[in-house]
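Structure at a glance
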Amino acid sequence: ASPDASGDTELAEAERSKRSQLAKAEAQLLQAEQNEIRELAARDREVRAHEQAHMAVGGQYAGSMSLSYERGPDGRLYAVGGEVSIDTAPVPGDPQATIDKMEQVRRAALAPAEPSSQDRAVAAQAAQLIAQARAEIAASDPVAGSSAGAAECCCRSGQCRSARPRLIRPCQSGHPFSVHTHAD
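On a predicted model such as this, the values are computed, not experimentally measured, just so you know.

Observations concerning the layout of surface pockets
In this structure, the largest pocket encloses a volume near 470 Å³. H50, E51, H54, S116 and D119 are, among the 24 residues lining the largest pocket, the residues nearest its centre. Listing elements by their share of the lining of the largest pocket, those giving two or more residues are helix 1 (3-58), strand 2 (77-86), helix 2 (95-109) and helix 3 (117-140). In terms of residues, the lining of the largest pocket owes the most to one element, helix 1, which gives seven residues. Here the residues of the lining of the largest pocket are counted per class, giving 11 nonpolar, seven polar and six charged.

Here is the structure:
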């Protein structure tokens, strides 16, 4: 073989090697992009499910979903973060309504499969407001606030008309917290 022919062969071989390396690099890049797209799509589903859980359980106290996005290598937008606002204000002048509302707020905060630290903080705040409302009820109505009055007559006479005594008159036993109606 002539020196020109061997030089041409070396050039051709170098060209094939370069093309092969480029093809491998492109395949690796394509694989990396596909992996990134899969990860972004999975995160998008996770974020949307998390925020949807808050909205579904929060009901009337939950605001709308707000999402933050990242553009993937395919040009599409993927949700990578989000939030749902929730009304955590107590119900003025109605501690029982506050308890009911805060129980729903707490359930909404803990609704996602994996609550965030912010979710747990909202649940803790709701639990604190529930405790305050229960204390307010107990302070204003000793019978309703007592565990005995909530389930049965506190004097245990069995003559009460209601399982939940009402403030009407002292019971026959004279128990200090037994203010409710007895059957005559």
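Focus: helix 2
Note that an α-helix has 3.6 residues per turn; residues three or four places apart therefore point the same way. Under the 1.5 Å per step criterion, the end-to-end length of helix 2 is 20 Å for 15 residues, consistent within 8% with the ideal 21 Å. Listing the buried residues of helix 2 in full gives P95, T98, I99, K101, M102, Q104, V105, A108 and A109.

As for the side chain of H50
One can find H50 in helix 1. What H50 contacts, discounting residues up to four positions off in sequence, is P112, E114, P115, S116 and D119.

Describing the packing of helix 2 against helix 3
Where helix 2 contacts helix 3, the axes come no closer than 8 Å and their chain directions differ by 160°. The orientation of helix 2 with respect to helix 3, classified from their angle, is roughly antiparallel. In the crossing of helix 2 with helix 3, the sense of the turn from one axis to the other is left-handed. Here helix 2 contributes P95, Q96, T98, I99, M102, E103, V105, R106 and A109 to the contact with helix 3, which in turn contributes D119, V122, A123, A126, A127, L129, I130, A133, R134, E136 and I137. Looking at the contact of helix 2 with helix 3, its residues break down into 13 nonpolar, two polar and five charged.

Here we look at the pairing of strand 2
In terms of strand pairing, strand 1 (residues 62-71) meets strand 2 through eight bridges, oriented antiparallel. Among the inter-strand pairings, S68 is bridged to a residue of strand 2, identified as G81. Here strand 1 folds back onto strand 2 in antiparallel fashion, the turn holding five residues, of which G75 has a positive phi close to 90°.

A look at the side chain of T98
Summarising the element assignment, T98 is placed in helix 2. Sequence-distant contacts of T98, that is, excluding residues within four places in its chain, are made with P90, V91, L129 and A133.

Quick notes on the environment of A113
Mapped onto the fold, A113 is located in the loop between helix 2 and helix 3. Relative accessible area serves as the criterion here: at 81%, A113 is assigned to the exposed category. Residues A113 and H50 lie 63 residues apart in sequence; the distance between their C-alpha atoms is 7.3 Å.

Observations concerning helix 3
If you check helix 3, its first and last C-alpha atoms are 35 Å apart, about what 24 residues at 1.5 Å a residue would give, namely 34 Å. Among the residues of helix 3, D119, V122, A123, A126, L129, I130, A133 and I137 are the ones counted as buried.

As for a negative patch on the surface
A cluster of like negative charges, contributed by E33, E36, E39, E70 and D74, occupies part of the molecular surface. Counting residues per element, the negative patch draws most heavily on helix 1, which supplies three residues. In this structure D74 comes out as partly exposed when scored by relative accessible area, which is 36%.

Section: the pattern of salt bridges
Pairing is possible between side chains of opposite charge, provided their charged atoms come close. Across all of its chains, the model carries six salt bridges by this definition. R134 serves as the salt-bridge partner of E103, at 3.3 Å between the closest nitrogen and oxygen. Taken together, the residues E103 in helix 2 and R134 in helix 3 connect sequence positions 31 residues apart.

Calculation notes
- Here, residues in each chain are numbered from 1, in the same order as that chain's written sequence.
- Only residues with pLDDT of 70 or above have their local features reported here, since the model is predicted, and side-chain atom pairs are shown and tallied only from 80 upward, although totals for entire chains, interfaces and linings are computed over all residues.
- Hydrogens and waters are ignored; side-chain quantities use all the structure's heavy atoms.
- In the cavity and pocket records, a cavity denotes points on a 1 Å grid over the protein atoms alone where a 1.4 Å probe fits but cannot get out, a pocket denotes an open set with protein on both sides within 12 Å along at least 5 of 7 lines, and lining residues are residues with an atom within 4 Å of a point.
- Grid points are joined across faces, edges and corners, and a volume is the space filled by probe spheres set on the points.
- Strands here are runs of E lasting at least two residues and helices are runs of H or I lasting at least four, both read from the DSSP assignment and numbered beginning at the N terminus.
- Three classes are used, and their members are as follows: Ala, Val, Leu, Ile, Met, Phe, Trp, Tyr, Cys and Pro are nonpolar, Asp, Glu, Lys and Arg are charged, and the others, Gly among them, are polar.
- Here the expected length of a helix is defined as 1.5 Å per residue gap, with one fewer gap than residues.
- For each residue, the accessible area found with a 1.4 Å probe, counting protein chains only, is set against the maximum for its type, and the residue is called buried under 20%, exposed over 50%, and partly exposed in between.
- Two residues form a contact once any of their heavy atoms are found within 4.5 Å.
- What counts as an axis is a line fitted to C-alpha atoms, over the stretch in contact for a helix, and the angles between N-to-C directions run from 0 to 180 degrees.
- To sort the angles, those under 35 degrees are grouped as roughly parallel, those over 145 as roughly antiparallel, those from 65 to 115 as roughly perpendicular, and the leftovers as oblique.
- Helix crossings fall into two classes, left-handed where the near helix is turned counterclockwise from the far one by less than a right angle and right-handed where it is turned clockwise.
- Pairs of strands are assigned from DSSP output, requiring at least two bridges between the strands.
- A patch consists of residues exposed above 30% relative accessible area that lack any salt bridge, with like charges linked at up to 9 Å and nonpolar side chains (Val, Leu, Ile, Met, Phe, Trp, Tyr) linked at up to 5 Å.
- Methods summary: accessible areas were calculated by the Shrake-Rupley approach with a probe of 1.4 Å, and residue burial reflects only the protein chains presented.
- Basic side-chain nitrogens of Lys or Arg form a salt bridge, by our definition, when they fall within 4 Å of a carboxyl oxygen of Asp or Glu.
- Under the counting rule used here, the positive set is Lys and Arg, the negative set is Asp and Glu, and His together with the chain ends is not counted.
- For the purpose of locating charges, the reference atoms are NZ of Lys, CZ of Arg, CG of Asp and CD of Glu.

None of this, on its own, says anything about what the molecule does.
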